[in-house]
Protein chains: 2
Amino acid sequence: MKQGRIIIVSGPSGVGKGTVLKEVMKDDPSLQFSVSATTRTIRPGEIDGVHYYFIDKPRFEALIANNEMLEHAEYAGNYYGTPEKAVNDALAQGISVILEIEVQGALQVMRRRPDAISIFIAPPSFEELARRLNGRGDTPPEVAAKRLQIAEQECRNATKYQYTIINDTVSAAAARIRAILTAEACRSEYNAIQLEEEE
Amino acid sequence: MKQGRIIIVSGPSGVGKGTVLKEVMKDDPSLQFSVSATTRTIRPGEIDGVHYYFIDKPRFEALIANNEMLEHAEYAGNYYGTPEKAVNDALAQGISVILEIEVQGALQVMRRRPDAISIFIAPPSFEELARRLNGRGDTPPEVAAKRLQIAEQECRNATKYQYTIINDTVSAAAARIRAILTAEACRSEYNAIQLEEEE
């Protein structure tokens with residue numbers, strides 16, 4: 001069976017990553033989201049192993065010490081990260097695993113797994129991103145302005161990803177990501193073995 | 001305007017390159033074939049500038065000497081090659097140029113133009129290629145056997161191309177090539193400038 005691939009996806013808050021990825025994954029059982037681990041306490045409605053793997057600090061630190069995290073970071077006194085084993089188990093079953101993570105975590109994964117596909121989702125323009133951030137209606141202007149500033153900084157990292165997708169419309173952006181996955185499956189380094197097997 | 005890309009396509013005789021490429025190019029004015037130059041004499045029905053640029057030996061040798069050939073080779077006492085200027089003119093107009101060439105020429109272009117997209121079209125299996133070679137009905141068995149042997153040698157070079165497409169069906173192979181072109185247009189190194197232009 002053909003191994004799955006790690007698919008790193010990043011993009012600024014408000015760009016619509018979730019909606020685009022949901023469209024890409026629709027009716028495609030060969031794609032699944034990675035589940036992160038965290039040391040923060042579980043919240044009402046969250047399910048262990050679905051929203052996060054909820055683990056305690058000593059266990060998380062042991063995973064780091066044993067080099068078993070694909071990437072990790074600390075926010076507000078808690079650890080967040082991606083355990084590598086669960087990802088590898090899925091890949092071995094031919095399932096590609098989407099890691100929707102921020103830039104610093106993405107760079108960690110790229111260094112560790114050069115075979116990962118990396119995609120940055122960018123807004124058509126910062127004016128449009130500002131509209132989308134304000135359009136939620138629940139964001140105070142000063143928070144939206146701050147988010148936009150962070151978004152501009154994040155977009156400077158787009159060139160560190162193999163691919164940059166402009167999310168002009170959900171269907172067009174999803175079609176581009178599907179094209180990337182098809183093209184990556186055609187890469188000679190992943191195809192050559194199969195050809196020889198068929199000889 | 002976005003520059004076009006050079007698209008190198010190779011594959012063994014009988015694999016169906018022409019049919020697949022015709023399907024890819026259908027209704028897509030942003031793709032055109034490169035026209036080769038040759039020193040061989042024009043044949044009835046051939047049109048200069050369409051089938052080949054028919055030029056004389058001193059002119060061809062001057063193009064080589066001036067480093068104006070993307071690739072070239074000598075067969076049976078005649079030169080064949082791809083003049084770079086015509087390709088560059090098309091690229092500058094946003095047209096991507098398909099070079100359907102054999103492996104040695106392809107390797108020359110890859111070295112000279114690392115920005116070129118390279119695609120190898122392979123048969124689903126050598127049994128199937130043998131069927132296709134024999135299926136033409138006009139090929140003596142010993143010629144077909146020789147072609148198959150050459151095809152096996154050529155397929156060993158597939159890994160030197162970025163992408164390997166299996167031509168199982170024309171529509172599937174064409175869809176994969178279209179996906180590659182879409183994905184390549186999403187590469188961050190070709191997208192980054194546009195993003196900044198829109199700021």
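Residues numbered from 1 in each chain as written. Chains lettered and ligands numbered in written order. Predicted model: local features only at pLDDT ≥ 70, side-chain atom pairs only at ≥ 80, totals over all residues. Heavy atoms only, no water.

*Asks:* I tried to follow the overall build of chain A on my own but got confused; where do I start?
*Replies:* Helices and strands together make up the secondary structure of chain A, namely 8 helices and 9 strands. For a compact globule of 199 residues, the expected C-alpha radius of gyration is about 16 Å, and chain A comes in at 18 Å, within 12% of that figure. Along the first, second and third principal axes, the C-alpha set of chain A runs to 65 × 45 × 30 Å. The buried share of chain A, taken over its 199 residues, is 48%. For chain A, the share of sequence-separated contacts (at least 6 apart) that also reach a separation of at least 24 residues comes to 67%. If you sum the accessible surface of chain A, you get close to 10000 Å²; carbon and sulfur atoms cover 51% of it. Taking the 23 positively charged and 28 negatively charged side chains of chain A as two groups, their mean positions are separated by 5 Å. (Helix = DSSP H or I, 4+ residues; strand = E, 2+ residues; numbered from the N terminus. Rg over C-alpha atoms; globule rule 2.2 N^0.38 Å. Buried < 20%, exposed > 50% of the residue type's maximum accessible area, 1.4 Å probe, protein only. Contact = heavy atoms within 4.5 Å. Areas by Shrake-Rupley, 256 points an atom, 1.4 Å probe, with all protein chains shown as cover. Lys, Arg positive; Asp, Glu negative; His and termini not counted. Charge placed at Lys NZ, Arg CZ, Asp CG, Glu CD.)

*Asks:* When you look at the relation of the copies chain A and chain B in this model, what are you seeing that I'm missing?
*Replies:* Here the second copy of the chain follows from the first by a rotation about an axis and a shift along it. Aligned on chain B, chain A shows an RMSD of 0.0 Å; the corresponding rotation is 180° and the shift along the axis is 0.0 Å. Here the copies are linked by what is in effect a two-fold axis. When each C-alpha of chain A is compared by its distance to the rotation axis, A179 of chain A comes out closest, at 2.2 Å. A share of 100% of interface residues in chain A that are also interface residues in chain B marks the association as one of identical surfaces. (Least-squares fit on C-alpha atoms with pLDDT ≥ 70 in both.)

*Asks:* Please explain unusual backbone geometry as it appears in this structure.
*Replies:* Outside of glycine, negative phi angles account for most residues, and trans bonds account for most peptide bonds. With a phi angle near 50°, A76 of chain A is a residue other than glycine that sits in the positive phi range. Its place among the elements puts A76 of chain A in the loop between β5 (69–75) and β6 (78–83). Backbone geometry places D27 of chain B, a non-glycine residue, at a positive phi of 60°. Within the secondary structure, D27 of chain B is located in the loop between α1 (17–25) and β2 (31–33).

*Asks:* Please explain the interface of chain A and chain B as it appears in this structure.
*Replies:* When the parts come together, some accessible area is lost, and that loss is often what is quoted as the size of the interface. Of the residues lining the interface, 30 residues belong to chain A; the matching set on chain B comes to 30 residues. Between chain A and chain B lies a buried interface of about 2300 Å² when both sides are counted; carbon and sulfur atoms form 62% of it. Scanning the region where chain A abuts chain B turns up 0 salt bridges. Between the two partners, chain A and chain B, sit 14 residue pairs in polar contact (both at pLDDT 80 or more). Those elements that place two or more of their residues in the side of chain A that touches chain B are α5 (126–135), β9 (163–166), α7 (170–185) and α8 (188–197) of chain A. Among the elements that take part in the side of chain A that touches chain B, α7 of chain A stands out by supplying 6 residues, more than any other. Partitioned by chemical class, the residues of the side of chain A that touches chain B number 15 nonpolar, 7 polar and 8 charged. (Buried area = accessible area lost by both parts, 1.4 Å probe. Salt bridge = Lys/Arg side-chain N within 4 Å of Asp/Glu carboxyl O. Polar contact = N/O pair within 3.5 Å; in protein donor to acceptor, adjacent residues only side chain to side chain. Nonpolar A, V, L, I, M, F, W, Y, C, P; charged D, E, K, R; others polar.)

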